Amino acid sequence: MRIALAAAVVLVAAMCVGTSAQPLERLTGRVRTADNRPAADADIRIEAIFGFAGSEYLGQRTFTARTDQKGSWAVLGFKAGIWVFDASLPGHVPDAVALPFNLVSPPGSSIAGAMPAWHPVLAPTPLPPGETGEMLAEAIDAARSGRPERAAPVLRRLSDSTDAAVLEAAGRVCLLMRDATVARPFFRRALDRDSTSFRAALGMGSTALMQRDVDAAGRAFSSARSLTKDKDQRSYLSAAINELNKAHNVMRGTF
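What you see is a predicted model; the values in this text were computed from it and never measured.

1. Some points on the packing of helix α5 (residues 180-193) against helix α6 (residues 198-210)
Here comes step 1: Viewed as axis vectors pointing N to C, α5 and α6 meet at an angle of 150 degrees, and their least axial separation amounts to 8 Å. Between α5 and α6, the angle is such that the two are roughly antiparallel. In this structure, α5 meets α6 at a crossing whose hand is left-handed. Taking contact as the criterion, the partners of Ala180, Ala183, Arg184, Phe187, Arg188, Ala190 and Leu191 in α5 are, on α6, Arg199, Ala200, Ala201, Gly203, Met204, Thr207, Ala208 and Met210.
Here comes step 2: Here the contact of α5 with α6 is composed, by residue class, of ten nonpolar, two polar and three charged.

Spelled out as structure tokens, the structure:
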């Protein structure tokens, strides 16, 4: 059954008063290269899509950071909601993922001072060689400069690819534009061509979450978790799945 986060707002509104504005003190994450080395000087952008329990987000909705020599980054004053994280490196396809943070909480609880024990891990991938890499670079530049109309024709050309890696890379470019509607078909086609693609499954979860479909996001994140043995990836996905289960249980009245 599809569960929309918008409806959860009504059920938890009473307990959100005084809680929804509470920030997490500090959120940290890491960026690494495709060969699992720390990625220094990666640009991080974090943007709120929805606020507490899927409501309208209030407050600072965009954070930026840069990784240190260990590939680590941190932001302060982070609030509950649905957020998109992306990391960029020169010559790479940016990595991007949407994740939930404290979407719903038990009555009387607060997230003030909370510091997550898990950390988002992002891994940009090198641009492929040749024309495909040039097209992806063009689309990335357009997405970064806020020109989706310039990225759209390039993405349409990439949609004809039969390479799952190219398709999921195009999907990540769409996430840079925060366009889940355009991104989702890329990730779906990538999974059709490679059912073991972790990044494609992760993209399906991100786009479902951005569309407030809690059930679909939970299923996709569960699938992505089963496709990786990386403990850090499994950790942040487990946290996301737990958050989505809470939202689902609220809708069922079992929270």
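2. Topic: empty space enclosed by the protein
Here comes step 1: Under the defined criterion, the tally for this structure stands at one cavity of 30 Å³ or more.
Here comes step 2: Counted as a void, the largest cavity has a volume near 40 Å³.
Here comes step 3: Looking at the lining of the largest cavity, the elements with two or more residues in it are β7 (95-101), α4 (164-176) and α6.
Here comes step 4: The element best represented in the lining of the largest cavity is α6, accounting for three residues.
Here comes step 5: Of the residues belonging to the lining of the largest cavity, the class tally is four nonpolar, one polar and three charged.

3. Remarks on the pattern of salt bridges
Here comes step 1: By the definition in use, this model includes 14 salt bridges.
Here comes step 2: Here aspartate 86 and arginine 144 are joined by a salt bridge, their closest N and O atoms 2.7 Å apart. Note that aspartate 86 is positioned in strand β5 (residues 81-88) and arginine 144 in helix α2 (residues 130-144), a separation of 58 residues in sequence.
Here comes step 3: Close ionic contact of aspartate 86 with arginine 178 constitutes a salt bridge, the shortest N to O distance being 2.9 Å. Of this pair, aspartate 86 sits in strand β5 while arginine 178 is found in the loop between α4 and α5, placing the two residues 92 residues apart along the sequence.
Here comes step 4: Exposure remark for aspartate 86: the relative accessible area of 0% places this residue in the buried category.
Here comes step 5: Exposure remark for arginine 178: the relative accessible area of 17% places this residue in the buried category.
Here comes step 6: Salt bridges here are not isolated pairs; linked through shared partners, they connect Arg45, Glu47, Asp86, Arg144 and Arg178.

What counts and how
- Residues numbered from 1 in each chain as written.
- Predicted model: local features only at pLDDT ≥ 70, side-chain atom pairs only at ≥ 80, totals over all residues.
- Heavy atoms only, no water.
- Axes fitted to C-alpha atoms, helices over the stretch in contact; angles between N-to-C directions.
- Helix = DSSP H or I, 4+ residues; strand = E, 2+ residues; numbered from the N terminus.
- Parallel < 35°, antiparallel > 145°, perpendicular 65-115°, else oblique.
- Left-handed = near helix turned anticlockwise from the far one by under 90°.
- Contact = heavy atoms within 4.5 Å.
- Nonpolar A, V, L, I, M, F, W, Y, C, P; charged D, E, K, R; others polar.
- 1 Å grid on protein atoms, 1.4 Å probe; cavity = no way out; pocket = protein on both sides within 12 Å on 5 of 7 lines; lining within 4 Å.
- Points joined across faces, edges and corners; volume = space filled by probe spheres on them.
- Salt bridge = Lys/Arg side-chain N within 4 Å of Asp/Glu carboxyl O.
- Buried < 20%, exposed > 50% of the residue type's maximum accessible area, 1.4 Å probe, protein only.

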